[in-house]
Amino acid sequence: MSISLVDDILAAAGQPVAGHTLSVKDMTQAVREGRVIAIYYWSNFGQGEASFGFATDFGLDGEGRVHPTYIVFPRSIPTDLRRSSSSDWEKTDDVFAAFGIDEVG
């Protein structure tokens, strides 16, 4: 299901960039326009799981920059696609790669 959701979001909202490459001002605007998804990660005894969901806000790292767990699209994500994925990935980099973002650092 998540792979189909990824494809649908890409088709509707365009090729994204990693959120931490944006300024706080640009990220604020992107969230306001409905163009951001957040990546979630958790592990249990070394078994990591990652998923994503529509972002309604965002966090900053310790230095005041956009936290590196967001993906930003050039167009708004349609309302019917603003839902959470299942945990189909083992790490956050896998979610970025699913959206065509290979270099996250």
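The model shown is predicted, which means the values in this text are computed figures rather than measured ones.

### Some thoughts on the overall build of the chain
Then step 1. Within the chain one finds three helices and four strands.
Then step 2. For the chain, the succession of helices and strands along the chain, N to C, is α-β-α-β-β-β-α.
Then step 3. In terms of overall dimensions, the chain is globule-like: its C-alpha atoms have a radius of gyration of 13 Å, near the 13 Å expected for 105 residues.
Then step 4. Projected onto the principal axes, the alpha-carbon positions of the chain cover approximately 35 × 35 × 25 Å.
Then step 5. A total of 105 residues make up the chain; the buried ones form 38% of that total.
Then step 6. Here the contacts in the chain between residues at least 6 apart in sequence split such that 76% fall between residues at least 24 apart.
Then step 7. As presented, the chain carries roughly 5,900 Å² of accessible surface, and 49% of it is formed by carbon and sulfur atoms.
Then step 8. Computing the positive centroid from 8 side-chain charges and the negative centroid from 15, the chain places the two 10 Å apart.

### Re the nonpolar core
Then step 1. Among the nonpolar cores identified, the biggest contains 18 residues, and Ile-9, Phe-52, Ile-71, Phe-73, Val-95 and Phe-99 are the most heavily contacted of them.
Then step 2. For this core, the element with the highest residue contribution is helix 1 (residues 2-13), accounting for four residues.
Then step 3. Here Ile-9 is in contact with Gly-14, Phe-52, Phe-73, Ile-77, Leu-81 and Phe-99, once residues within four sequence places are set aside.
Then step 4. One finds Met-27, Ala-30, Val-31 and Ala-55 within the second-largest nonpolar core, a separate group that totals 10 residues.

Calculation notes
Residues numbered from 1 in each chain as written. Predicted model: local features only at pLDDT ≥ 70, side-chain atom pairs only at ≥ 80, totals over all residues. Heavy atoms only, no water. Helix = DSSP H or I, 4+ residues; strand = E, 2+ residues; numbered from the N terminus. Rg over C-alpha atoms; globule rule 2.2 N^0.38 Å. Buried < 20%, exposed > 50% of the residue type's maximum accessible area, 1.4 Å probe, protein only. Contact = heavy atoms within 4.5 Å. Areas by Shrake-Rupley, 256 points an atom, 1.4 Å probe, with all protein chains shown as cover. Lys, Arg positive; Asp, Glu negative; His and termini not counted. Charge placed at Lys NZ, Arg CZ, Asp CG, Glu CD. Core = buried A, V, L, I, M, F, W, Y, C linked by side-chain atoms within 4.5 Å.

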